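Coordinates in review
The residues making up each chain are set out below.
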Amino acid sequence: MKIYIKAGLLLLLISFRFTPGMTQSVSTAQNPITRKNAEPHLISSTFSFTEGPAADHAGNIYFTDQPNDKIMKWSPDGSVSIFMEGAGRSNGLYVDHNGNLIACADENNQLWKIDQNKKVEVLLKDFEGKRLNGPNDLWIDPNGNIYFTDPYYKRDYWKHNVKEIDEQRVYFFNLAQNKVMIVANDLLQPNGIIGTPDGKKLYVADINDKKTYVYQINPDGSLANKKLFCSMGSDGMTIDRKGNVYLTGRGVTVFNKAGIQIAQIPIKEPWTANVTFGGKKRKTLFITASKSIYTLDMKVKGI
């Protein structure tokens, strides 16, 4: 959830709770997914609120510093640079099959495509003529289509004060047909979202209801067979090649594909917003947490 206003973050931290897992949390030194004795490595704490990490094909990771309206770039050599300023208050990011960044451009409630020359194309600016609440996080399926969450978090930089869509939804955007459809309309506040690499399952976190659900993806992009995956909400999320799902909030909590907690990765920050895999071998876990970014060496590979 991309809340960086102190009052909002405090309220969220008070309301966020972990439901006891089906197994006891284990340390990073003991769990089955991280390298032996590996601990989160602090890269930098020079940001205002970090979010939206997304890896390209070379293992570089782009992430946002939303209050400062920047997209940053981490390289596998450990260096961090500014990729883009004036980034539409971008929040969640994902790299498409052609190497473009797809961004939840929160400033004007839009979806953007940003190429490597920083050229911006507005992909979506409304739904049926109504302003979106604020695209928050997204996942791109194997066919290049976009699933995105659209919760409502009032921003102090918005010029509008009217909420045009009452429901906080999950949408599917078929780019080839330029068609957007509602695929989930019954969540309190959808936020984190990730799909399986085969395009058959979609995980969506309802952060306000403290639950994460898994859906079957139909051939037309619609969703079916909604099932409770775990009794924990999440901000951003990712998945590894073994099907383990990584949820965020207070550190990173990892569940196997059966929804059983297998690891807890503590992070010494007020809030862990998002997580993804990057690096040359996709075995570096990249964590955005409040004003900081961390990396963690993993045994498993990400998607």
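Described below are features of the structure shown in this document. (Residues numbered from 1 in each chain as written. Predicted model: local features only at pLDDT ≥ 70, side-chain atom pairs only at ≥ 80, totals over all residues. Heavy atoms only, no water.)

Let's shift gears to the overall build of the protein chain. Secondary structure assignment for the protein chain yields one helix and 24 strands. The globule rule puts the C-alpha radius of gyration for 303 residues at 19 Å, and the 17 Å found for the protein chain is close to it. With the C-alpha coordinates of the protein chain rotated into their principal frame, the extents come out at 50 × 40 × 40 Å. Expressed as a percentage of the 303 residues in the protein chain, the buried residues total 58%. Sequence separation of at least 24 residues holds for 50% of the intrachain contacts in the protein chain that already meet a minimum separation of 6. Taken as a whole, the protein chain presents about 13,000 Å² of accessible surface, with 48% of it coming from carbon and sulfur. For the protein chain, the distance from the average position of its 38 positive side-chain charges to the average position of its 30 negative side-chain charges is 6 Å. (Helix = DSSP H or I, 4+ residues; strand = E, 2+ residues; numbered from the N terminus. Rg over C-alpha atoms; globule rule 2.2 N^0.38 Å. Buried < 20%, exposed > 50% of the residue type's maximum accessible area, 1.4 Å probe, protein only. Contact = heavy atoms within 4.5 Å. Areas by Shrake-Rupley, 256 points an atom, 1.4 Å probe, with all protein chains shown as cover. Lys, Arg positive; Asp, Glu negative; His and termini not counted. Charge placed at Lys NZ, Arg CZ, Asp CG, Glu CD.)

Turning our eyes to something else, we now look at the sheet that holds strand 22 (residues 272-278). One open sheet holds the four strands; their spatial order is 1-24-23-22, and the pairing between them is antiparallel. Strands at the two margins of the open sheet, each flanked by one partner only, are strand 1 (41-44) and strand 22. Going across the sheet, the axis of each strand differs from the next one's by a mean of 25°, ignoring polarity. Where strand 1 and strand 24 (residues 292-297) come together, three bridges link them in antiparallel fashion. Paired with H41 across the bridge in strand 24 is T295. (Pairing = 2+ DSSP bridges. Axes fitted to C-alpha atoms, helices over the stretch in contact; angles between N-to-C directions.)

Before going further, it helps to examine the packing of aromatic side chains. Under the criterion given, the structure shown has 12 aromatic pairs. Ring centres of Y152 and W158 lie 5.8 Å apart, and the angle between their planes is 45°; this geometry places the pair in the tilted category. The interplanar angle of 90° and the centroid separation of 5.3 Å between the aromatic rings of Y246 and F277 together place this pair among those described as edge-to-face. One end of the pair, Y246, is in strand 19 (residues 245-249); the other, F277, is in strand 22, with 31 residues separating them in the sequence. The rings of F47, F63, W74 and F286 are connected pair by pair, giving a single aromatic cluster. Here the guanidinium or amino end of K163 rests over the ring plane of Y152, the centre of that ring lying 5.5 Å away. (Phe/Tyr/Trp six-rings, centres within 6.5 Å; stacked < 30°, edge-to-face > 60°. Lys NZ or Arg CZ within 6 Å of the ring centre and 35° of its normal.)

Counted by the stated rule, this structure contains one cavity of 30 Å³ or more. Estimated volume of the largest cavity: approximately 40 Å³. For the largest cavity, the full set of lining residues is N109, R131, L132, N133, Y152, H160, V162, K163 and E164. Partitioned by chemical class, the residues of the lining of the largest cavity number three nonpolar, three polar and three charged. (1 Å grid on protein atoms, 1.4 Å probe; cavity = no way out; pocket = protein on both sides within 12 Å on 5 of 7 lines; lining within 4 Å. Points joined across faces, edges and corners; volume = space filled by probe spheres on them. Nonpolar A, V, L, I, M, F, W, Y, C, P; charged D, E, K, R; others polar.)

Okay, the nonpolar core next. Y147, L202 and Y203 are the most contacted members of the largest nonpolar core, which totals 26 residues. Elements with a contribution of two residues or more to this core: strand 12 (169-174), strand 13 (179-184), strand 14 (190-195), strand 15 (201-206), strand 16 (211-217), strand 17 (223-230), strand 18 (237-239) and strand 19. In this structure Y203 touches G192, I193, I194, T196, Y213, V214, F229, M237, I239 and V245, once residues within four positions along its chain are discounted. Formed by 18 residues, the second largest nonpolar core is a distinct cluster that contains I267, I287, A289 and V300. (Core = buried A, V, L, I, M, F, W, Y, C linked by side-chain atoms within 4.5 Å.)

With that settled, consider the layout of surface pockets. The rolling of a water-molecule-sized probe over the atoms marks out the regions of remaining empty space. Computed from the structure, the largest pocket encloses a volume of approximately 470 Å³. Lining the largest pocket are 30 residues, with Y94, V95, W139, R282 and I303 sitting closest to its centre. Put simply, the parts of the chain that give the lining of the largest pocket at least two residues each are strand 2 (50-55), strand 6 (90-95), strand 10 (138-140), strand 14, strand 18 and strand 22. In terms of residue class, the lining of the largest pocket is made up of 18 nonpolar, seven polar and five charged.

This part is about a positive patch on the surface. On the surface, R35, R241, K281 and K301 cluster together into a patch of positive charge. Structurally, the position occupied by R241 is in the loop between strand 18 and strand 19. Under the relative-accessibility criterion, R241 is labelled exposed at 55%. (Patch = residues over 30% accessible without salt bridge, like charges linked within 9 Å, V, L, I, M, F, W, Y side chains within 5 Å. Salt bridge = Lys/Arg side-chain N within 4 Å of Asp/Glu carboxyl O.)

Once that is clear, we can look at unusual backbone geometry. The bulk of non-glycine residues show a negative phi, and the bulk of peptide bonds are trans. Phi at D69 takes a positive value of approximately 55°, unusual for a residue other than glycine. Looking at the element boundaries, D69 is found in the loop between strand 3 (61-65) and strand 4 (70-74). The buried category is assigned to D69, whose relative accessible area is 16%. You will see that S290, though not glycine, has its phi angle at about 55°, which is positive. Mapped onto the fold, S290 is located in the loop between strand 23 (284-289) and strand 24. Judged by relative accessible area, S290 falls into the buried class, the value being 6%.

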